[in-house]
Amino acid sequence: MSVAIISSLYRCEKHLPAFAAAVFGFAKRVSESGIAVHYLPIVNDATRDEVAQIDRLAREINSRYYGRMMPHYVPRETLYASWNRGIALTQAPYFAPWNADDIRSADAFIEGYQALQAGAELVDFGFTRVMLYRRLSLWPRARRTAVPCLYDRERFTRRNGLGPFFMASRSLFDRAGRFDERFRVAGDMEWASRVHSSARFQPGRANGGEFMIHGGNLSNTGGEIEEVEVDIIFMRRGDWKQLRPANPHALREAWENWGNRGGMVLPADAADFLWGLEAEGRWRRYRRERGQPANLRRLRLAMAARGWIYSEEWAMAQRGRDLP
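Reading guide: rules and limits
Residues numbered from 1 in each chain as written. Predicted model: local features only at pLDDT ≥ 70, side-chain atom pairs only at ≥ 80, totals over all residues. Heavy atoms only, no water. Helix = DSSP H or I, 4+ residues; strand = E, 2+ residues; numbered from the N terminus. Rg over C-alpha atoms; globule rule 2.2 N^0.38 Å. Buried < 20%, exposed > 50% of the residue type's maximum accessible area, 1.4 Å probe, protein only. Contact = heavy atoms within 4.5 Å. Lys, Arg positive; Asp, Glu negative; His and termini not counted. Charge placed at Lys NZ, Arg CZ, Asp CG, Glu CD. Core = buried A, V, L, I, M, F, W, Y, C linked by side-chain atoms within 4.5 Å. Phe/Tyr/Trp six-rings, centres within 6.5 Å; stacked < 30°, edge-to-face > 60°. Lys NZ or Arg CZ within 6 Å of the ring centre and 35° of its normal. 1 Å grid on protein atoms, 1.4 Å probe; cavity = no way out; pocket = protein on both sides within 12 Å on 5 of 7 lines; lining within 4 Å. Points joined across faces, edges and corners; volume = space filled by probe spheres on them. Nonpolar A, V, L, I, M, F, W, Y, C, P; charged D, E, K, R; others polar. Polar contact = N/O pair within 3.5 Å; in protein donor to acceptor, adjacent residues only side chain to side chain. Salt bridge = Lys/Arg side-chain N within 4 Å of Asp/Glu carboxyl O.

Enquirer: Could you give an account of the overall build of the chain, naming the residues involved and the relevant values?
Expert: Across its full length, the chain holds 12 helices and 10 strands. Computed over its C-alpha atoms, the radius of gyration of the chain comes to 21 Å, within 12% of the 20 Å expected for a compact globule of 324 residues. Across its three principal axes, the chain shows a C-alpha extent of roughly 65 × 50 × 40 Å. Among the 324 residues that make up the chain, the fraction classed as buried is 48%. Of the contacts formed within the chain by residues at least 6 apart in sequence, a portion of 72% connects residues at least 24 apart. Of the side-chain charges in the chain, 48 are positive and 38 negative, and the distance between the mean point of each set is 4 Å.

Printed below as a string of structure tokens:
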């Protein structure tokens with residue numbers, strides 16, 4: 001097998017019909033290109049319906065020689081534990097994730113495989129963000145936004161983690177180490193922070209696929225867990241200008257219990273910003289502002305830029321610009 005596609009699945013019955021159809025079409029197209037793919041669904045705490053649907057998909061893929069699918073049914077574990085498990089279960093020299101609620105592009109995958117064969121260790125793509133919403137209708141509508149490739153070989157910021165359709169080599173994984181299984185949401189970004197200075201990176205030209213935002217996503221939702229974990233990534237790096245308000249109690253507990261791997265002592269001003277006396281109020285104002293409708297956010301930021309009002313979000317956007 002040339003590439004392992006690893007899918008960590010948990011309570012995803014409603015997404016499985018669309019996922020199975022997408023995987024089947026993808027597998028046919030990719031097999032016709034000559035790429036041998038090892039499909040590894042890691043199904044967490046599977047229901048009877050999930051087992052039936054995944055086993056049926058595996059029989060279809062395997063009987064038609066569109067690759068090899070080997071489902072694994074495990075107790076519930078973190079997303080990144082499943083990714084580590086999948087990589088350990090295959091000898092493929094390259095790997096890529098595929099979430100059940102997303103749609104991968106076969107053309108981008110073929111391009112990424114060719115780039116990896118040519119010597120790249122990490123390939124990432126721009127993608128389409130599909131925001132599902134309801135407005136005066138029983139049927140969901142979709143707002144589609146083109147998102148450029150997130151990964152940037154020149155810098156690593158809160159905006160420059162990995163996209164949902166990245167591909168990487170096993171040699172890079174062996175050098176960087178396993179995904180940190182203590183992360184629940186931002187473990188791919190944490191892994192990217194470790195490979196940033198050393199990976200041979202190739203941005204893809206094709207659109208990587210469709211990333212669906214439906215309200216049940218782990219990442220890209222601005223949730224409290226994601227806020228805490230992203231701060232921990234930059235605390236480990238000592239990149240204080242990238243810190244943003246997060247739940248101070250949850251952040252301090254996570255940092256002291258598992259985030260601080262090397263006994264790192266934070267500068268006093270960083271600790272005060274993260275969980276000092278003003279931290280909770282700052283965090284609540286920041287979340288409230290970022291949760292406002294887009295047009296109101298734009299108006300508020302424009303007024304803050306002119307000095308007419310104070311905005312916590314504007315202050316955080318300027319935070320890095322005032323530091324060396």
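Enquirer: Before we move on, can you summarise the nonpolar core with the specific residues and values?
Expert: Phe95, Leu122, Phe179, Trp191 and Met235 are the most contacted members of the largest nonpolar core, which has 48 residues in total. Those elements that place two or more of their residues in this core are strand S1 (3–10), strand S2 (37–44), helix H3 (79–88), helix H5 (170–176), helix H6 (187–195), helix H7 (224–237), helix H8 (248–259) and helix H9 (268–275). Among the elements that line this core, the one with the most residues is H7, at six residues. Ile35, Tyr66, Ile110 and Phe125 belong to the second-largest nonpolar core, a separate cluster that totals 36 residues.

Enquirer: So what about the packing of aromatic side chains? Which residues, and what values?
Expert: Applying the stated criterion across every chain, the model contains 20 aromatic pairs. Centre to centre, the rings of Tyr80 and Trp83 are 5.3 Å apart; their planes meet at 85°, and the pair counts as edge-to-face. One end of the pair is Tyr80 and the other is Trp83, both in helix H3 and three residues apart, which spans about a single turn. Judged by its relative accessible area of 6%, Trp83 is buried. Here the aromatic residues Tyr80, Trp83, Phe95, Phe166, Phe173, Phe179 and Trp191 are joined through ring pairs into a cluster of three or more. The ring of Tyr10 carries the charged tip of Arg76 above its face, separated from the ring centre by 4.0 Å. Directly above the aromatic system of Trp308 lies the positively charged group of Arg306, at a separation of 5.9 Å from the ring centroid.

Enquirer: Residue-level account of empty space enclosed by the protein, with values.
Expert: For the coordinates displayed, the defined rule picks out three cavities of 30 Å³ or more. In this model, the largest cavity occupies a volume close to 40 Å³. Looking at the largest cavity, the residues that line it are Ile5, Ser7, Phe19, Val23, Tyr39, Leu40, Pro41, Met69 and Trp98. Elements with a minimum of two residues in the lining of the largest cavity: S1, helix H1 (16–32) and S2. By residue number, the principal contributor to the lining of the largest cavity is S2, which donates three residues. Of the residues that constitute the lining of the largest cavity, the class distribution is eight nonpolar, one polar and no charged.

Enquirer: Describe the side chain of Arg300, and please don't skip the residues or the numbers.
Expert: The residue Arg300 is located in helix H11 (residues 294–305) in this model. For Arg300, a relative accessible area of 9% gives the class buried. Engagement of the side chain of Arg300 in a polar contact is seen with the backbone oxygen of Glu289, the distance being 2.9 Å.

Enquirer: So what about the pattern of salt bridges? Which residues, and what values?
Expert: When charged atoms on two side chains of opposite charge get close, those side chains can pair. Scanning the model with the defined rule gives 24 salt bridges in all. Residues Glu313 and Arg290 are paired through a salt bridge, measuring 3.3 Å at the closest nitrogen-oxygen approach. Residue Glu313 is located in helix H12 (residues 312–319), and its partner Arg290 is located in helix H10 (residues 279–290); the two are separated by 23 residues in the primary sequence. Overall, Glu313 belongs to the buried group, its relative accessible area being 7%.

Enquirer: How would you sum up the environment of Gly34? Please name residues and give values.
Expert: As for its placement among the helices and strands, Gly34 is situated in the loop between H1 and S2. For the pair Gly34 and Tyr66, spaced 32 residues apart in sequence, the C-alpha to C-alpha distance is 9.9 Å.

Geometry only, nothing functional implied.
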